[in-house]
There are 2 protein chains.
Amino acid sequence: MKAHVYVTLKRGILDPAGKAVLSSLESLGYKGISQVRIGKYMEIDIEGRSKDEAEKDIKDMCERLLANTTIEDYSFEMDDK
Amino acid sequence: MKAHVYVTLKRGILDPAGKAVLSSLESLGYKGISQVRIGKYMEIDIEGRSKDEAEKDIKDMCERLLANTTIEDYSFEMDDK
């Protein structure tokens, strides 16, 4: 089973890396871009756990390690393949 | 319009950050995790372009700046909201 985890900065938290990418894209000539926000995407392979157990584990991992919940939000999807 | 862009390391490319997270998760007591791969997730807001133009731009941005296509794959979804 594979978990797809998305970690993004909360609304209102400054994203200097996103601003740098926005500025680079403008320098390259792209028009109409109003904002770039950069987050993390993680794929976690889990074996030998039920879907419910794996979901519970992933939520717990996000809270404890994968996201800094003071400034970041997280979401995830489980993929049975 | 918002583009959701996912950049991941190609299969076979070593991911030391993923290995470090895997090792931390094991130290925290999680069982059954066989692999962690870490990628980037970007949200790009685009205004005043048609969906076709925006998709073409995003693909081009991925090739030129957002992904290093020697070692990374990318994918994206457009969101009309």
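Residues numbered from 1 in each chain as written. Chains lettered and ligands numbered in written order. Predicted model: local features only at pLDDT ≥ 70, side-chain atom pairs only at ≥ 80, totals over all residues. Heavy atoms only, no water.

Undergrad: Hey, could you run me through the relation of the copies chain B and chain A in this one?
TA: Superposition of the two copies of the chain requires a rotation about an axis and a shift along the axis. If you rotate chain B by 180° and push it 0.0 Å along the axis, it lands on chain A with an RMSD of 0.0 Å. Accordingly, the operation relating the two chain copies is best matched by a two-fold axis. Proximity to the rotation axis, assessed at the C-alpha, singles out Lys40 of chain B in chain B; its C-alpha lies 2.3 Å from the axis. (Least-squares fit on C-alpha atoms with pLDDT ≥ 70 in both.)

Undergrad: Even after reading the chapter, I still don't get the environment of Glu43 of chain A, so can you show me in this structure?
TA: Here Glu43 of chain A is to be found in strand E2 (residues 33–46). The exposure class assigned to Glu43 of chain A is buried, which follows from its relative accessible area of 19%. Counting along the chain gives 15 residues from Glu43 of chain A to Ile58 of chain A, while the straight-line C-alpha distance between them is 11 Å. Beyond its immediate chain neighbours, meaning those up to four positions away, Glu43 of chain A contacts Lys2, Ala3 and His4 of chain A together with Thr8, Gln35, Val36 and Arg37 of chain B. (Helix = DSSP H or I, 4+ residues; strand = E, 2+ residues; numbered from the N terminus. Buried < 20%, exposed > 50% of the residue type's maximum accessible area, 1.4 Å probe, protein only. Contact = heavy atoms within 4.5 Å.)

Undergrad: What exactly am I supposed to notice about helix H2 (residues 51–66) of chain A here?
TA: Think of an α-helix as 3.6 residues a turn; residues three or four steps apart then line up on the same face. Taking 1.5 Å as the rise per residue, H2 of chain A with 16 residues should run 22 Å; its terminal C-alpha atoms sit only 19 Å apart, a clear shortfall. Looking at H2 of chain A, one finds that the buried residues are Ala54, Asp57, Ile58, Met61, Cys62 and Leu66 of chain A. Of the surrounding secondary structure, the elements contacted by the buried residues of H2 of chain A are strand E1 (2–9), E2 and strand E3 (72–79) of chain A together with helix H1 (16–27) and strand E2 (33–46) of chain B. (Expected span 1.5 Å × (residues − 1).)

Undergrad: Would you take a moment to explain the sheet that holds E2 of chain A for this structure?
TA: Sheets are built from strands paired through backbone hydrogen bonds, the pairs being either parallel or antiparallel. Taken in spatial order, the six strands make up an open sheet running E3(A)-E1(A)-E2(A)-E2(B)-E1(B)-E3(B), and their pairing is antiparallel. The sheet is open, and its two borders are formed by E3 of chain A together with strand E3 (72–79) of chain B, each paired with just one other strand. Across the sheet, the axes of successive neighbouring strands diverge by a mean angle of 20°, strand direction being ignored. Those strands touched by helix H2 (residues 51–66) of chain B are E2 of chain A together with strand E1 (2–9), E2 and E3 of chain B, and its axis lies near 160° from that of E3 of chain B. (Pairing = 2+ DSSP bridges. Axes fitted to C-alpha atoms, helices over the stretch in contact; angles between N-to-C directions.)

Undergrad: Explanation requested: the packing of helix H1 (residues 16–27) of chain A against H2 of chain B in the structure shown.
TA: Between two packed helices, both the angle of their axes relative to each other and the distance between the axes serve to describe the pair. Where H1 of chain A contacts H2 of chain B, the axes come no closer than 11 Å and their chain directions differ by 110°. The orientation of H1 of chain A relative to H2 of chain B falls into the category roughly perpendicular. Residues Val21, Ser24 and Leu25 of chain A of H1 of chain A touch H2 of chain B, and the partners they reach there are Met61, Leu65 and Leu66 of chain B. (Parallel < 35°, antiparallel > 145°, perpendicular 65-115°, else oblique.)

Undergrad: Is there a simple way to think about the pattern of salt bridges in this case?
TA: All names here are of chain A. Throughout the structure, instances matching the rule amount to 13 salt bridges over all chains. Asp73 is the salt-bridge partner of Lys10, the closest N and O atoms lying 3.1 Å from each other. Residue Lys10 is located in the loop between E1 and H1, and its partner Asp73 is located in strand E3; the two are separated by 63 residues in the primary sequence. Residue class for Asp73 comes out partly exposed when judged on its relative accessible area of 35%. Across the pair Arg49 and Asp57 runs a salt bridge whose closest N-O atoms are separated by 2.9 Å. Of the residues examined, Asp57 reaches a relative accessible area of 10% and is grouped as buried. The structure contains a network of salt bridges with shared partners spanning Lys2, Glu43 and Asp45. (Salt bridge = Lys/Arg side-chain N within 4 Å of Asp/Glu carboxyl O.)

Undergrad: Can you help me understand the interface of chain B and chain A in this one?
TA: In many reports, interface size means the accessible area that the parts give up when they come together. With 31 residues of chain B in contact, the opposing surface of chain A contributes 31 residues. In this structure, the connection of chain B to chain A is made through zero salt bridges. Breaking the side of chain B that touches chain A down by element, the ones donating at least two residues are E1, H1, E2 and H2 of chain B. With 14 residues, the top contributor of residues to the side of chain B that touches chain A is E2 of chain B. For the side of chain B that touches chain A, the per-class residue count stands at 15 nonpolar, six polar and ten charged. In this structure, E2 of chain A lies alongside E2 of chain B, joined through 13 bridges in antiparallel fashion. The partner of Arg37 of chain A across the bridge, within E2 of chain B, is Glu43 of chain B. (Nonpolar A, V, L, I, M, F, W, Y, C, P; charged D, E, K, R; others polar.)

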